[in-house]
Amino acid sequence: MGGRSSSPLDKQQQQHLRGQVDALLRNFLPQYQAQLAASVLWQISQELAPQELAGCQLLHSKKLPQVREHRGLLSQLQGHPPQWQLIFCVLRGDGRLEWFSHREEYENGCRPLGSTALTGYTVLTSQREYLHLLDTLCPDSGEHTLEESDSLLEMPVNFPLFLQHPFRRHLCFSAATAEAQRAWRLALDGGIRLRGTVLQRSQAPAAHAFLDAIRLYRQHRGHFGHDDMTLGSDAEVLTSVLMQELLPALRAQIQLSLRGTGRARAWAWTELLDAVHATILAGASAGLRTFQPKKDELLAALERKIRPDVDQMLRLREHVAGKLRAVVQGPLELCLRRKVDAQLPRVTQMLLNTVEAALAAVQTLLVQGMDRLSRNLRRSPSGARLRKEVYSFGEMPWDPELMQTCYCEAEPSQGRLGWLVVPFGFLGARSLVFGVQDLAQQLMADAVATFLQLADQCLTMTLDCNQAAQQLEKVRGRVLKKFQSDSDSAQRRFIRRWQLCILLPFVLSQLEPSCKEELPELEGDVLAVGSSALTIEGIYEDVIREVLLQRIDGELKKALSTSYVSCDLDGCLEAPWNQAGAAPNFNLVSSFFAQRTFTDFPLLARKVIYLSTGGWQLPHITSLPAASGASSRGISPIFFSVQLSEGSCAVHGEMIASRSVLEF
């Protein structure tokens, strides 16, 4: 859309960018390897001293995170000069957007006209807001004219969907109705969040090691504040980090050479950035693919080396930590009293309000769903109607329209968190909001899975309609108690983790000039163990984190106004890292894991209630796998035969197919 760059990337420019990627990998991969060793040590220490998740009452949902596939007709602004063209769009379950010339091309399995992973995009539905954004991209390019604006967008767009990315080409779509626009916006937002939080949701040690390595890599270059650069897969994160480093030079060297003025020039700038981003992403992906076999070998070797000596290493770690506490105690306490303590209550309360509002909306939605099932049971629906209601209830966590009532509670906080930039350099508001929304979806999924499991256990063939409804009321009460317990625990863990994300980088930056100078004197003790799993810098950060958590726990206890037992140092993580049985995520390169392989909830015996002249009776049994899942724990797809107690209606030998587990 708009003018083209007067100097598209030539071979020399592409080679220069590949050299930049190589330099990034040379500097980053050693840091990554060190963090892999630290993660293996942490994992083994957890096995030796297992920690149960306090207050975990709900069953864990066994459905992989995904978005519902969404498809339909849209108009897209494309071409040079740009024109609105009707296309057929498909949002895949893994968060990729594809578009085709016609529906038939999609149905026939043809290659799409274009596609993109939604990582890092933002959806704008205001044409005025989007045009203002274009005006800010090239502020020195001069004012745009009315004619240029008209030629750029041709005419006002009634139901626009603008996909904006800081480093990629913008995508401009238009829906036919307000209803279609809303449905697409919710679907796209879900895909953006799914793609963005893949590393944060992972339980794999390698994923945690990668995020820690990225943080340390950037700290060594003077960037301490938490931001949204870690959204996406490993290759996408590395690409964003390098793009951010190169952006000032790109603006100085290339932006002034772009043709056109105003918004056309701004669009040309996004196309140029897209070419740079694609080149860097290809190089980062290739580099991480090359590193993958070495990483696998390294993890196996670290396991063999660390496990026999883990006790000695942990004792040494505690010995060095004791010395470091004496070194940092004075400067750390001074920093906390002067720059953290006064702000900590406000940070705590803001996080608490955000999470409480979202989880309260989850509870309200959950209650409505359970009550709807009970009402339908009392009203004597048909078996088909009840099955439909159970299916709809089981799909609630993955219904974007329903869950939006929960997600929207977190969205306003993205703006309110802006005040954290000045005192703490925190720029990760979007990541935080995504985290709240992920938490809301996971708790809803766990609660739904628990309700369906308990309902399956209590509904028997001897119950009539009213008795069955009474049993569901009891299940409802049990689930709500379990939900409240898990909600409280998850809320505390979430607040602690994000307080650390906000405060720890800031505190480290404040102590950098003084305390870091003392570390070389203690490094000899760590080097003596001969393992990269222990580093003086890692122990130093653990000591600071430990003290900071004591402050956080004290303030959190006040805010909650309840008794609160502080977790230990490792308790800041939501769950132990567990790699066993995991499914690969949609990472472009490495085999990180989004979660364990599982279906959306355990097999539910969906009892189809048949109303005969003699009253409610249950069929012999109807066993259906949960919607959108795959076989759990090796269970094959189920054949069922339902023989009704009265009448001649029967269903025989129908195979219920389950969709394969979505591989990330």
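Everything discussed here concerns the structure shown above.
Everything numeric here is computed off the predicted structure, so don't read it as measured data.

Definitions and cut-offs
- Residues numbered from 1 in each chain as written.
- Predicted model: local features only at pLDDT ≥ 70, side-chain atom pairs only at ≥ 80, totals over all residues.
- Heavy atoms only, no water.
- Phe/Tyr/Trp six-rings, centres within 6.5 Å; stacked < 30°, edge-to-face > 60°.
- Helix = DSSP H or I, 4+ residues; strand = E, 2+ residues; numbered from the N terminus.
- Buried < 20%, exposed > 50% of the residue type's maximum accessible area, 1.4 Å probe, protein only.
- Lys NZ or Arg CZ within 6 Å of the ring centre and 35° of its normal.
- 1 Å grid on protein atoms, 1.4 Å probe; cavity = no way out; pocket = protein on both sides within 12 Å on 5 of 7 lines; lining within 4 Å.
- Points joined across faces, edges and corners; volume = space filled by probe spheres on them.
- Nonpolar A, V, L, I, M, F, W, Y, C, P; charged D, E, K, R; others polar.
- Pairing = 2+ DSSP bridges.
- Core = buried A, V, L, I, M, F, W, Y, C linked by side-chain atoms within 4.5 Å.
- Contact = heavy atoms within 4.5 Å.
- Axes fitted to C-alpha atoms, helices over the stretch in contact; angles between N-to-C directions.

Looking at this structure, how should I read the packing of aromatic side chains?
By convention here, two paired aromatic rings are described through the distance between centres and the angle between planes. With the rule as written, the count across this model stands at 13 aromatic pairs. Ring geometry for Tyr 32 against Phe 291: centres 5.7 Å apart, planes inclined by 45 degrees, an arrangement best described as tilted. Of the two residues, Tyr 32 sits in helix α1 (residues 11-48) while Phe 291 sits in helix α9 (residues 262-306), which places them 259 residues apart along the sequence. Its relative accessible area of 6% is what places Phe 291 among the buried residues. Members of the aromatic cluster, each reached through a chain of ring pairs, are Phe 28, Tyr 32, Phe 210, Tyr 217 and Phe 291. The positively charged end of Arg 193 is found above the aromatic ring belonging to Tyr 407, 4.5 Å away from the centroid.

What should I look at first to understand the layout of surface pockets in this one?
Any empty space left between atoms is shown by rolling a water-sized probe over those atoms. One number sums up the size of the second largest pocket: a volume of about 740 Å³. Residue lining of the second largest pocket: 38 residues in total, with Arg 185, Leu 186, Asp 189, Gly 190 and Gln 404 positioned closest to the centre. At the level of elements, β5 (122-124), α5 (178-196), α13 (400-407) and α16 (429-458) are the ones that each hand at least two residues to the lining of the second largest pocket. Here the lining of the second largest pocket is built from residues that sort into 16 nonpolar, 10 polar and 12 charged.

How should I be thinking about the pairing of strand β7 (residues 171-174) in this particular structure?
In the case of a regular strand, side chains alternate between the two sheet surfaces. Residues Leu 171 and Phe 173 of β7 are buried on one face, and the alternating residues Cys 172 and Ser 174, pointing to the opposite face, are buried as well. In the sheet, strand β1 (residues 70-78) pairs with β7 via two bridges, with the strands oriented antiparallel. If you follow Gln 76 over to β7, its bridge partner there is Phe 173. Across four bridges, strand β6 (residues 160-164) lies against β7 in antiparallel orientation. Bridging from a neighbouring strand, Pro 160 pairs with Ser 174 of β7.

I tried to follow the nonpolar core on my own but got confused; where do I start?
Across soluble globular proteins, nonpolar side chains have a tendency to be buried as a group. With 158 residues, the main nonpolar core has Tyr 32, Leu 366 and Phe 451 as its most contacted residues. The dominant element in this core, judged by the number of residues it contributes, is helix α17 (residues 465-515), at 22 residues. If we skip the residues at most four places from it in the chain, Leu 366 touches Phe 393, Met 396, Met 444, Ala 447, Val 448, Val 479, Leu 480 and Phe 483. Of all hydrophobic cores here, the second largest spans 22 residues; its members include Val 67, Ile 87, Trp 99 and Leu 163.

Just checking my understanding: could you explain the sheet that holds β7 for this structure?
In any sheet, the strands associate via hydrogen bonds between backbone groups, in a parallel or an antiparallel arrangement. Across the sheet, which stays open at both edges, the seven strands sit in the order β4-β3-β2-β1-β7-β6-β5 with antiparallel pairing between neighbours. For this open sheet the edge positions go to β4 (114-117) and β5, each flanked by a neighbour on one side alone. The sheet shows a mean angle of 30 degrees between the axes of neighbouring strands, taken without regard to direction. As defined by bridge partners, β1 adjoins strand β2 (residues 83-91) across nine bridges and the pair is classed as antiparallel. Each bridged residue has a counterpart across the sheet, and for His 70 the counterpart in β2 is Leu 91. Across the sheet, helix α3 (residues 127-137) lies against β5, β6 and β7, angled at about 30 degrees from β6, the strand it touches most.

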